[in-house]
Structure formats: C-alpha cells, structure tokens
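# Coordinate analysis (summary)
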Amino acid sequence: MSSRSERIIEKAFLGGEFLTWLWYACDQCDGRFQLGDDLIEVRFDDLLVLESLLADSQENTLKGGEPTQSAEARLGLQLGKKVSQAKLRLQRGEREYRFTIRGSTLDLGSTKLPAVLAKAEEEQFYERLYLLEELDRTVNELYLAFLRRRLLPAWESETLPALRAWIASPSSPAADDLPSPSPAALTL
C-alpha cells in the first residue's frame, strides 16, 4: 500500500484536468454555476499557466488581460497541455474573491478577500476567517462537482468528446455549438 504522499502525487493530474474542465465549463455557461441554492460566477483572470505532464515539458505562462481568450492558450491546449495554475475571480452573492490556484495541489495563494465590514478587531478576525472558509468550501464544491462528472461513464462518451471539440476549435465556441446543461448556469 502506498503512503499518503505517494497517492497524492499519483492523483496530481486531476488538478490540471479540473482547471482545464473549469475553463471549458466557464466558456459553456459564461462562468455561472449553480451550487445548491447559490449562484456563483467564476472568471479566469490575468494569469494562466499551461503545462504538459511529460518529463521534459515546457510551460506556457500567459499574463495580463484575459489569457484564456488568447490564441496561445488555445494552442497550448491543442498541444496536449493542461492548466497547471490560474488566477481566478469568484463571485458568491455580493462577495468577490481573487486568488491563484495550483492544479497539482489545489493550493490557493495570493488571496484577496472581500472587504471586511466589522469594526472591532476581534470581529474582523472572525469575519476574515469566515470568508476564507467560504472560499475554500466553494472551491471544494467545484472540485467535487468535477470529480462526480469525471467518474461517470458519460465522461468518456459525452464530456471528453465535447472537451476535445472545444479544444480543437480556434476560439471559444458559442454556447449552443456544444452540449450545455443550462443556458443560464451550469448546475453542479
């Protein structure tokens, strides 16, 4: 039986698949996801790193503007690269979070939380803690939704062909070109 760290390394590819799927899903539903009763919005921001899982791989780091809309990003996907790191904006209700996420570990970094409303220092601490927990919970819910889809037989027969068609397209296809669960929001 392998150790926990060996199992984590074995499954690290799932993080890159998750971020690549998230990019695809954002294109299909304009970044809107229904998580239970909450509607959230996810946008890829000004950092995108694409990397191949091969031993001597090169990585493409795209910064500024909307890197997911660039021809370089699409070409990276077409060459078999997956998203290994991205800067995301996540809107949940009135709260907007900005952060980077690393695919191999799903570690969050460079996190910018929504403004804290509490006046007292101790209340500010607890409010920031709540906001961090909400961000972590939301990212975990998105990842869990991906894993649920990834483990279904429909992944091979439906999702993967749609992903491949999206990757092969020169730019983001219109939402009606590929199957989409909902035109308003992707329900997870």
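Above this text you will find the structure in question.
A short tour of the structure in this document, coming up. Keep in mind it's a predicted model, so treat the numbers as computed, not measured.

### Digging into the pairing of strand S1 (residues 32-35)
Burial along S1 is one-sided: the face carrying Phe 33 and Leu 35 is buried and the face carrying Arg 32 and Gln 34 is not. Linking S1 back to strand S2 (residues 38-51) in an antiparallel pair, the connection comprises 2 residues, with Gly 36 at a positive phi of about 60 degrees.

### With respect to the environment of Phe 13
Summarising the element assignment, Phe 13 is placed in helix H2 (residues 13-29). Considered as a pair, Phe 13 and Lys 82 are 69 residues apart in the sequence and their alpha carbons are 9.0 Å apart.

### Let's talk about unusual backbone geometry
Although it is not a glycine, Asp 30 adopts a positive phi angle of roughly 55 degrees. Along the chain, Asp 30 turns up in the loop between H2 and S1. For Asp 30, a relative accessible area of 43% puts it in the partly exposed group.

### Things to note about the pattern of salt bridges
A complete count under the given rule lists 12 salt bridges for this structure. Its salt-bridge partner being Arg 74, residue Asp 27 comes within 3.8 Å of it at the nearest N-O pair. Here the residue Asp 27 occupies a position in helix H2, and Arg 74 occupies one in helix H3 (residues 71-78), the gap between them amounting to 47 residues. Accessibility assignment for this pair places Asp 27 and Arg 74 in one class, buried. Of the charged contacts, one joins Arg 43 and Glu 41 as a salt bridge, the two residues approaching to 3.2 Å between their closest N and O atoms. With relative accessibility at 27%, the residue Arg 43 sits in the partly exposed group. Each of Asp 30, Arg 32, Glu 41 and Arg 43 takes part in one network of salt bridges that share partners.

### Focus on H2
A rise of 1.5 Å per residue sets the reference length of H2, with its 17 residues, at 24 Å; its end C-alpha atoms lie 24 Å apart and thus fit the reference within 8%. Counting buried positions along H2 yields 16 of 17 residues, so the element is predominantly enclosed. Directly beyond the C-terminal end of H2, a positive phi value near 55 degrees is found at Asp 30.

Conventions and cut-offs
- Residues numbered from 1 in each chain as written.
- Predicted model: local features only at pLDDT ≥ 70, side-chain atom pairs only at ≥ 80, totals over all residues.
- Heavy atoms only, no water.
- Buried < 20%, exposed > 50% of the residue type's maximum accessible area, 1.4 Å probe, protein only.
- Helix = DSSP H or I, 4+ residues; strand = E, 2+ residues; numbered from the N terminus.
- Pairing = 2+ DSSP bridges.
- Salt bridge = Lys/Arg side-chain N within 4 Å of Asp/Glu carboxyl O.
- Expected span 1.5 Å × (residues − 1).

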